Amino acid sequence: PAIVRRPAASDYADVGDANKVPLDAQGKSVYAKFLSTNPPRAFAIGERGAVGWAIGDYAVGKAIGFCQRGGQICRLYAVDNEVVWQP
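Residues numbered from 1 in each chain as written. Predicted model: local features only at pLDDT ≥ 70, side-chain atom pairs only at ≥ 80, totals over all residues. Heavy atoms only, no water.

Peer 1: Honestly, the state of the cysteines in this entry has me stumped. Any pointers?
Peer 2: Summed over the entire model, instances satisfying the criterion amount to one disulfide. The disulfide partner of Cys 67 is Cys 74, and the gap between their sulfur atoms is 2.1 Å. The chirality of the disulfide connecting Cys 67 with Cys 74 is left-handed, given an S-S dihedral of about -80°. Across the pair, exposure class does not vary: Cys 67 and Cys 74 are buried alike. (Disulfide = S-S within 2.5 Å. Buried < 20%, exposed > 50% of the residue type's maximum accessible area, 1.4 Å probe, protein only.)

Set out below in structure tokens:
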């Protein structure tokens, strides 16, 4: 039950388009760091602006977990080279 499945890619944005990420400037700066890494990787966004990202094995679950440390409900924004965000 704790396994987070990788969602399908969405048509929300291109993974490299940081302007579409629904975060403030600081969050977009963290996203830019995420983009500088190589897959496997995942980036998650919390309901009030928390972020979490991870690389390597089980990046999807780790990204969600890091984001949830802020006490927020988090959803995946990007996995590897695809945006999976559903606004």
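Peer 1: How should the sheet that holds strand β4 (residues 82-83) be read in this particular structure?
Peer 2: Pairing is antiparallel in the open sheet, where four strands are placed in the order β2-β1-β3-β4. The open sheet has two free edges, formed respectively by β2 (51-55) and β4, since each of these has just one partner strand. Note that strand β1 (residues 41-46) and β2 share five bridges and pair antiparallel. Residue pairing for β2: Phe 43 is matched across the bridge by Trp 53. Across the sheet, helix α2 (residues 59-68) is in contact with β1, β2 and β3 (74-79); its angle to β2 comes to roughly 150°. (Pairing = 2+ DSSP bridges. Helix = DSSP H or I, 4+ residues; strand = E, 2+ residues; numbered from the N terminus. Contact = heavy atoms within 4.5 Å. Axes fitted to C-alpha atoms, helices over the stretch in contact; angles between N-to-C directions.)

Peer 1: Which parts of the structure should I look at to understand the environment of Val 60?
Peer 2: Note on placement: Val 60 falls in helix α2. A relative accessible area of 12% means that Val 60 is categorised as buried. On a C-alpha basis, the gap between Val 60 and Asp 80 in space is 9.3 Å, while along the polypeptide they are 20 residues apart. The contacts of Val 60, once residues within four sequence positions are left out, are Val 4, Arg 5, Ala 42, Leu 76 and Val 79.

Peer 1: Can you walk me through the packing of aromatic side chains in this structure?
Peer 2: Between two aromatic rings, the relevant description is the distance of the centres plus the angle of the planes. Going through the model one piece at a time under the given rule, you end up with seven aromatic pairs. Here Tyr 31 and Phe 34 contribute two aromatic rings whose centre-to-centre distance is 5.5 Å and whose plane-to-plane angle is 35°, an arrangement assigned as tilted. Here Tyr 31 and its partner Phe 34 are both found in helix α1 (residues 25-35), three residues apart, which amounts to about one turn of the helix. You'll find Tyr 31 and Phe 34 in the same group, each marked buried. Ring geometry for Phe 34 versus Phe 43: centroids 5.3 Å apart, planes at 50°, classification tilted. Overall, the relative accessible area of 0% leaves Phe 34 in the buried class. With relative accessibility at 0%, the residue Phe 43 sits in the buried group. (Phe/Tyr/Trp six-rings, centres within 6.5 Å; stacked < 30°, edge-to-face > 60°.)

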